[in-house]
Every structure is written in C-alpha cells, then in structure tokens.
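Notes for the structure review
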Amino acid sequence: MADFKKREIEKLNVIKKVLIGEYTKKEASSSLGLTIRQINRLLNKLKDEGENGFVHKNRGKESKKKVDANIKKEIVDLYVTEYFDYNFTHFFEEIQEKYNLSYKTIDNILTEADIISPEAQHKTIKLYNASMKKAIRQKKATEEQIVIYKKRQETEKQKHIRRSSLLYNYGQEIQMDAAFAIWYGEKARALHLAVDKATKRVLYGWFDVQETTRAYFLMLMNIILKHGIPKKIKTDKRGTFSINNVKSKSSLNTTQFGRICEELEIHLSSSSDPLFKPNVERENKTFKGRLIAELRHENIIDDESANKYLNEVFIPKMNSKFAYEIDFERNDMRENTYDFEELNIIISEQYSRKIDNSSSIKYKGKYYIPIDIETGEITSFEQNIIGIIIIAYDNSFWCNIDKKLYKLHEIKAPEKKVYQKTTKTQEEINKSKAHKPAPNHPWKSYRKS
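What you see is a predicted model, and the numbers here were worked out from it, not measured in a lab.

The rules behind these values
- Residues numbered from 1 in each chain as written.
- Predicted model: local features only at pLDDT ≥ 70, side-chain atom pairs only at ≥ 80, totals over all residues.
- Heavy atoms only, no water.
- Axes fitted to C-alpha atoms, helices over the stretch in contact; angles between N-to-C directions.
- Helix = DSSP H or I, 4+ residues; strand = E, 2+ residues; numbered from the N terminus.
- Parallel < 35°, antiparallel > 145°, perpendicular 65-115°, else oblique.
- Contact = heavy atoms within 4.5 Å.
- Nonpolar A, V, L, I, M, F, W, Y, C, P; charged D, E, K, R; others polar.
- Pairing = 2+ DSSP bridges.
- Salt bridge = Lys/Arg side-chain N within 4 Å of Asp/Glu carboxyl O.
- Phe/Tyr/Trp six-rings, centres within 6.5 Å; stacked < 30°, edge-to-face > 60°.
- Buried < 20%, exposed > 50% of the residue type's maximum accessible area, 1.4 Å probe, protein only.
- Core = buried A, V, L, I, M, F, W, Y, C linked by side-chain atoms within 4.5 Å.

**With respect to the packing of helix H4 (residues 69-82) against helix H6 (residues 103-112)**
Where H4 contacts H6, the two axes come as close as 10 Å, and the packing angle between them is 75°. The angle between H4 and H6 places the two elements in the roughly perpendicular class. Along its contact with H4, which presents Lys 72, Ile 75, Val 76 and Tyr 79, the element H6 presents Ile 106, Ile 109, Leu 110 and Glu 112. Of the residues that constitute the contact of H4 with H6, the class distribution is 6 nonpolar, no polar and 2 charged.

Right under this line is the structure:
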C-alpha cells in the first residue's frame, strides 16, 4: 500500500466494501463522486487485476514530455547571456519556434534556475533577493545565478529613478517659505527654504533668528549663482513680497524683493493660502521630522554650523532620496549671465533721497557723499537732485544719480548752530519795543474820521 496515493487508497477501500456487501453501488457512487458505470468498472478491475489495478499505469515511468536537461541548461544560458532584460512572455515569443515548448514550460525552467522576470511583482522580488543573498553568503549560488542577480539589481535601480510626471519644467516655479521651530539650541529659528515644483528639489535653505528679507535675498543670490534664474517665484503675502492695499502695479509700489524680481524678469506671485505653495509646505514638515534630530545628533548649536550642515550635508541627502531627476530638455531655469558684482547691486535695498546743499545724502541719521568709482574723486551735485541709495547684497553703500553709479562714503554730520539765551536789562527791553506814534499822528486822525 506504500505505493498508493491517498485517492487510490480511498477508491480501493470503498470498492472492497461494495464487493463484500457493506456498501451498495449507489452509496459508493455518492461517497466517491463517481457514476454507477464507473463503480462497475472499478469492481471488474479489482476482480481481474487485484489491488495493483488501482495504481496508475505511468507510476514510476519517466514522462515522454519531460524536457532534456541539456535543453534546460541551454535555455537558461541563452536567457542569462542574451535576453536577461526580456520579461518571460517576451522571451517565450522569441524562442518558441526553435524549442517548440509551452510558455508554462519555459516559465518553470527559468523559475527552477532561480531566475525572475524584470516585471516580477514586488513580493516576488523581495523573496528572490532574500534567497539569493543567502545563497551567495553560503557560496551555493552558481555564476549564472550571480550574474542575473546583479543585472536584476541594476534593472530595479533604474526602475525606481524618480522622474517628474508633472507638466512643469525645471525652474518654471520656485516656492519660498519659512518655518519656525527650535531647530537647535534653546531659541526658535526661522528656516527659509526654496523648492522647485517640477523636481521637488530643495535649491537652498537658510536659518535666521526671524523671517527676514535679508534671508530671502541670500537664498535668491545662491539659487541664481548655483542653478540659474527661475521663471517664477511663489511666496506668501508677508511684507517682503507684497504691499497691502496697493491698486497700482507700478514699480513705485513694489517691495524691495519685488523690484529685484522685475529687474531679473522673474514673475513674483503671492498668496496667503498655504495650498498656493504646497511643495515648500510639505518640505517644511519633512525637515521638522528629520533635521531637528540630525542637528541634535551632530551637537550643532550655532547658526554658522547649522547653515553649513543644512546646505552641504542635509539638503543634498534629501534631494538624492526624494527629489526627481532634472530633465534638462524641459528646462525653464534661465542661464545666469550676470557676474557677482552686477548681482551685488541688483539684489539690494534701494531708497530715493534728495541731495542737500552740501552735496551729501542723508540716510538713517548718517551722511554720505558720492565718489566717482572711475576717478576716486568726490562728486558735487546741485541741491534737491534725486539720488537712489543702494545698500548692496554685501552691505556696501552705493548711489545711482542720473543713471550713473557712485560709491558712497560716510562723513561726519554737519555741526548744528547752538543759540544761547541772553539776558537783557529792563532799559534794553524798553528800547527794543516797537515805536508808538504820537497822539496827533495822521494815522490816528484818519482812524477817528
């Protein structure tokens, strides 16, 4: 009975009971799920052949459909060397005329050789990687298996390169914002970030004690020098970017940052709705969840070290993990044609002032005189001429007068005249009084008439 399978034993036992009268043919039919005619055939087989008649005739014989081991090896070698990047269906279509095998047979041959399709499901890939790592570690994997395993790893890596599926181009829209938190140390800081919408790439970041215009100047300067000039910038409606209740759109009513964007031909758009700039809002949340812990782990407690770690270590690491690859064929990031000296003047604060009678300009209680940058000489101008004071990116002072640039040099404020109160005698006071006309003065007679 050791050579019998479970179903064969079940049939044999039921037919024996029918033969000795314990079961009727109808009961046997119901028990085995066979017709009465099949029960009769099994009864005859038991009488003629005995118990061995219930063993399948092909038991122990090699199948005529079995694929030769040499053919199996040939198919595996062919796939590994020439068709490793084909999925199994594609491979089957290429070789079916030569080998005249079914798809299922090809699939079984490759699977038995521990080969998976490039289009395998994630669960299959996970199990395959685990088994191959174990086989390689135990030195049980063949050279062919190791070759295909490495190629599968390369295929999987290429498959998961992040690419933007949006209709936006690189540099088409940059979103800027600041997030407050106790990032390091004991006091809250504002983390300023600039994020490209198309690639989800953080272009630059900066810590400051508050959300400041200076921090946004610094970010814009670094973006232009390292990446180029973006087409559009989106921000919230804080004072750096937007003047409230302004109906006119002329440059006279724009902010300092808005004026810079106009000069660089960058479209600046602002809104108080957080959904207006979702990418930078999402990055703010991600940075809070990771950056605070890393700064603590690195024992960083000062601004200089924090900004260095942020831009040299953390942002590149986050971009490599989460950002899409830059498609330079879809690029709206305009090439920067300005040198640093030109950008130093453009990315600046500018204020209109009148030149006084001593050819100097007053700003925040201090006086400056314009110096010709070509000759190095002090230049004099008529009183009340309008000059544009420029506080450059590097905090140097300049002035634009009649479309010419002058360097401003601080001078001492002119001394004010001090008037002292003098004391006079009563006689001197009486003498200084206005003359009183005589009673017979013509004016008085005129008034009487």
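Moving on from the model shown.
**Here's the deal with the sheet that holds strand E10 (residues 397-401)**
Within the open sheet, the 6 strands sit side by side as E6-E9-E10-E11-E8-E7. Their pairing is antiparallel. Each edge of the sheet is formed by a strand with only one pairing partner; in this case those strands are strand E6 (349-354) and strand E7 (361-363). Strand after strand, the sheet turns through a mean of 40° between neighbouring axes, direction not considered. For E6 and strand E9 (residues 386-391), the ladder comprises 6 bridges, and the chain directions are antiparallel. Pairing of Tyr 351 across the sheet is with Ile 389, part of E9.

**Thoughts on the sheet that holds strand E2 (residues 189-196)**
Across the sheet, which stays open at both edges, the 5 strands sit in the order E3-E2-E1-E4-E5 with mixed pairing between neighbours. Strands with a single pairing partner mark the edges of an open sheet, and in this sheet they are strand E3 (202-208) and strand E5 (267-270). Mean inter-strand twist for the sheet, computed between neighbouring axes without regard to direction, equals 20°. Inspection of the sheet shows E2 paired to E3 by 6 bridges, in the antiparallel sense. By the bridge assignment for E3, Val 195 is matched with Val 202. Its contacts with the sheet place helix H9 (residues 213-226) against strand E1 (174-181), E2, E3 and strand E4 (232-235), and it is angled at close to 150° to E3. Taken strand by strand, helix H12 (residues 303-322) contacts E2 and E3, and its axis lies near 160° from that of E3.

**Observations concerning the pattern of salt bridges**
Where charged atoms from two side chains of opposite charge come close, those side chains can pair. Applying the stated criterion across every chain yields a total of 11 salt bridges. When the shortest N-O distance is used, the salt bridge between Lys 404 and Asp 372 registers 3.1 Å. Here Asp 372 lies in strand E8 (residues 366-372) and Lys 404 lies in strand E11 (residues 404-411), a separation of 32 residues in the sequence. The network of salt bridges with shared partners includes Asp 177, Lys 277 and Glu 281.

**Quick word on the packing of aromatic side chains**
Inspection of every chain in the model, using the stated rule, returns 18 aromatic pairs. When the centroid spacing of 4.9 Å and the interplanar angle of 80° are considered together, the rings of Tyr 79 and Phe 91 count as edge-to-face. With Tyr 79 in helix H4 and Phe 91 in helix H5 (residues 88-99), the pair connects residues that are 12 residues apart, well separated along the chain. Tyr 79 gets classed as buried once you look at its relative accessible area, which sits at 0%. The buried category is assigned to Phe 91, whose relative accessible area is 0%. Where Tyr 83 meets Tyr 86, the ring centres are 4.9 Å apart and the plane angle is 90°; that geometry is what we call edge-to-face. By relative accessible area, which is 16% here, Tyr 83 ends up buried.

**Digging into unusual backbone geometry**
A positive phi angle, near 60°, is found at Asn 299, a position not held by glycine. Following the sequence through the fold, Asn 299 ends up in the loop between helix H11 (278-297) and H12. Given the relative accessible area of 66%, Asn 299 is considered exposed.

**A closer look at the side chain of Asn 344**
Of note, Asn 344 is situated in helix H13 (residues 340-346). The class of Asn 344 is buried, set by a relative accessible area of 5%. If we ignore the near neighbours within four places in the chain, the residues touching Asn 344 are Met 221, Ala 392, Tyr 393, Asp 394 and Ser 396.

**Thoughts on the nonpolar core**
One finds Met 176, Leu 220, Ile 233, Phe 257, Leu 264 and Ile 347 to be the most contacted residues of the largest nonpolar core, which totals 29 residues. Elements supplying a minimum of two residues to this core: E1, E2, E3, H9, helix H10 (256-263) and H13. Broken down by element, this core gets its largest block of residues, 8 residues, from H9. In contact with Ile 347, not counting residues within four places along its chain, are Phe 217, Leu 220, Met 221, Ile 224, Ile 260, Ala 392 and Tyr 393.

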